[in-house]
Amino acid sequence: MSASSPDTGSDPVDTDAVVVGAGFAGIYALYHLREQGLSVRGIERADDVGGTWYHNRYPGARCDTESHIYQYQFSDALRSEWQYSERYPEQGEILEYLRFASEFLGVRDEIDFRTEVESLRFDRAAGTWAVSTDDGATIRSRYVVLALGFLSEPYVPDFEGIDEFDGELYHTAKWPREEVSFRERSVGLVGTGSSGIQIAPRIAEDAERLTVYQRTPNYIVPANNHPLSDATWEAWNDGFAETWEKAKTTASGFPYESDRPSAEGLSDAEVEHILEKRWRMGGFKFLTAFEDLLSNRATNERVCEFIRSKIAQRFDDPDLIDALSPEGYPYAAKRPPLNYENNRYGWDFYETIKQPHVELVDVDEAPIRRLTPEGIATADAEYAHDTIVLATGFDAVTGSYNNMEILGKDGETLESKWGSRPRTYLGMVVDEFPNMFMVSGPQSPSPITNQVLCIENQVEWIYDLIEHAETNGGDVIEVERESVEHWIEHTANVAKKTLYTDAESWYQGDNVPGKPSVFLPYPGGYPAFASKLEAEAADGYQGFSVRESPARVESE
Ligand code: NA7
């Protein structure tokens, strides 16, 4: 049933909304749209819910967002039934949570698992979408919601000889379900982003040798993970409403107060005091010490110096200190990893690097040239491995949209329309692609903001737009070209005022050779984004045009 019209029994569509993807966003979209009266159908290529957490099941995988805010907030009943066991939820528990949530919310039965969308075509005459899947079916739907995730499409470097390696080759983002043993093996780990840093201790605890190939050193901050007690959960649940309201007022969408607006003007002792305190707190609380961290180079550089001093304290070997110390780009302009004591010996990444059977290889000066049948050849040496683990990240934000052919009202593909830069309004809609909605799409704040907060906000806004349109004249909703142009320009202008653009990162596609370098998330912060959504709604969705589909006209 559509948002406003009664079921006439002669629907030319199979469902009101198809939701693609069954991670946090897809599950909530299915639930929320259905609760509001739409018929829904979910499509998920995996055999279970979880989204990126289904595939990133490498040893040591964890979410860097704290547990109490890495769960849906919209349902007190659901929240009161769930407790993660540690400060940062481990991958297996997140998967369990999403399984539990999807059952609790009764949406599992709406999802076609093991089904991949091959194409989405907007039928201009009917004003509906045709969603074709790899089992040969085509579903006709009024609306499509793409809940594909922004870290879903693994990036595998195009290493020469990659198929010739005789040993076992894994990518952290496509980790097998079967247990992978590193026992008595010589393992090569490529990449020292969040995934590489998390998995390194787990490989090292068993492997005979571990070689870590690092191209760019990272600013790594302690996570300070620990188990959570029932009492902690009770206190969190009691204060949850305030925590969430607080989160909505900060740029990051996390409920963390900053100590000071800026480090500028403070004495060294004051900065040191604040950062020491934050270092002990760990995680993204360190990131939020000063409000202008990502807009003021002076503040940022003082934080960078502090982190470098911490790295220097961990090692005696000046060459290692030098190799591991990041220089030349601002802290947090690249997504900053957290350091976990992540194995049975309690080693974090740095402790792992200190082990006698672990070697750090700098592949910035001497890049990886090729994979050989025996292992890895860099520009100046060859290394033999039984196993190679690629922790090389994702074709982030836009990559997952290229896996399926998405054809708009004029038959142009989304991939071609986005060409050298994605075009969206508010990260959720694209001109000439009516009735197609994205959650956490390009130019939305999701990749640099509290995920669950963003997801709930965007899903609810999408439904409100549909409801408004249907009660005010139509069910074919298309964003105006000017709204999109404005949003692209606005996003780029805000990005220019930040330090984000001073680093090469997946935030702007720099990690994938040939991908256009464009800042992909909306960098204006959660409150500015949420206000924009509210203003658009309060204004009667002026940025959109709405008309009636032939099907709707017929049924009236
Ligand atoms: P990231 O953060 O994109 O890290 C990928 C790592 O792989 C990074 O260290 C890269 O070095 C390295 N890399 C990529 N290609 C190569 C080649 N060709 N040679 C050597 N090294 C390479 O991915 P993650 O999976 O760790 O984390 C992704 C997000 O998941 C993370 O940001 C969190 O949001 C959760 P580089 O730094 O580009 O020099």
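Computed from a predicted model, the values in this text were never measured in an experiment. (Residues numbered from 1 in each chain as written. Predicted model: local features only at pLDDT ≥ 70, side-chain atom pairs only at ≥ 80, totals over all residues. Heavy atoms only, no water.)

### Details of helix α7 (residues 240-247)
Right, on to step 1. If you check which residues of α7 are buried, you get Phe-240, Thr-243, Trp-244 and Ala-247. Seen end-on, α7 carries its buried residues on one side only, within an arc spanning 95°. Residues of α7 that are exposed and point more than 90 degrees away from the buried face comprise Ala-241 and Glu-242.
Right, on to step 2. Tucked inside the fold, the buried residues of α7 contact α3 (76-80), α6 (230-238) and α14 (451-471). (Buried < 20%, exposed > 50% of the residue type's maximum accessible area, 1.4 Å probe, protein only. Helix = DSSP H or I, 4+ residues; strand = E, 2+ residues; numbered from the N terminus. Arc of directions from axis to C-beta. Contact = heavy atoms within 4.5 Å.)

### Considerations on the sheet that holds strand β8 (residues 186-190)
Right, on to step 1. What the 5 strands build is an open sheet, ordered β7-β16-β8-β9-β12; its pairing is parallel. Looking at strand neighbours, the two that pair on one side only are β7 (168-171) and β12 (358-362), the edges of this open sheet. Sheet twist, expressed as the average angle between the axes of neighbouring strands with direction ignored, equals 15°.
Right, on to step 2. With 4 bridges joining them, β8 and strand β16 (residues 387-390) adopt parallel strand pairing. Each bridged residue has a counterpart across the sheet, and for Leu-189 the counterpart in β16 is Val-389. (Pairing = 2+ DSSP bridges. Axes fitted to C-alpha atoms, helices over the stretch in contact; angles between N-to-C directions.)

### Observations regarding the pairing of strand β1 (residues 15-20)
Right, on to step 1. Counting buried residues along β1, 6 of its 6 residues qualify, which places the element largely inside the surrounding structure.
Right, on to step 2. Examined bridge by bridge, β1 and strand β2 (residues 40-43) share 4 bridges and lie parallel to one another. When the sheet's bridge partners are listed, Val-20 is paired in β2 with Ile-43.
Right, on to step 3. With helix α1 (residues 24-35) bridging β1 and the parallel β2, this β-α-β connection has right-handed handedness. (Right-handed = clockwise from strand over helix to strand, strands pointing away.)

### Re the sheet that holds strand β15 (residues 382-384)
The strands making up a sheet associate through backbone hydrogen bonding, with each pair oriented either parallel or antiparallel.
Right, on to step 1. If you walk across this open sheet you meet the 3 strands as β13-β14-β15, and the pairing is antiparallel. With partners counted over all chains shown, the strands left at the sheet margins are β13 (368-371) and β15, one partner each. For this sheet, the mean inter-axis angle between neighbouring strands, taken without regard to orientation, is 20°.
Right, on to step 2. With 3 bridges joining them, strand β14 (residues 375-378) and β15 adopt antiparallel strand pairing. In the sheet register, Ala-377 faces β15, and the bridge partner there is Glu-382.

### Notes on the side chain of Asn-339
Right, on to step 1. By secondary structure assignment, the location of Asn-339 is in strand β11 (residues 338-339).
Right, on to step 2. At 3.1 Å, the side chain of Asn-339 and the side chain of Asp-348 are in polar contact.
Right, on to step 3. Polar side-chain contacts of Asn-339 include one of 2.8 Å to the backbone nitrogen of Phe-349.
Right, on to step 4. Excluding residues that lie within four positions of it along the chain, Asn-339 makes contacts with Ile-197, Ile-220, Val-221, Pro-222, Ala-223, Arg-314, Asp-348, Phe-349 and Tyr-350. (Polar contact = N/O pair within 3.5 Å; in protein donor to acceptor, adjacent residues only side chain to side chain.)

### Remarks on the site of the ligand
Right, on to step 1. Around the ligand sit 20 residues in total, of which Ser-195, Arg-215, Thr-216, Lys-334 and Trp-506 are the nearest.
Right, on to step 2. Between Thr-192 and the ligand, the recorded distance is 2.9 Å, taken from a backbone N or O atom to an oxygen atom.
Right, on to step 3. Contact distances for the ligand include 2.8 Å between an oxygen atom and a side-chain N or O atom of Trp-506.
Right, on to step 4. Against a free-state accessible area of 780 Å², the protein chains account for coverage of 86% of the ligand. (Near = heavy atom within 4 Å. Areas by Shrake-Rupley, 256 points an atom, 1.4 Å probe, with all protein chains shown as cover.)

### A word on the pairing of strand β4 (residues 117-123)
Right, on to step 1. Where β4 meets strand β5 (residues 128-133), 6 bridges bridge the pair, whose relative direction is antiparallel. Its bridge partner lying in β5, Leu-120 is registered against Val-131.

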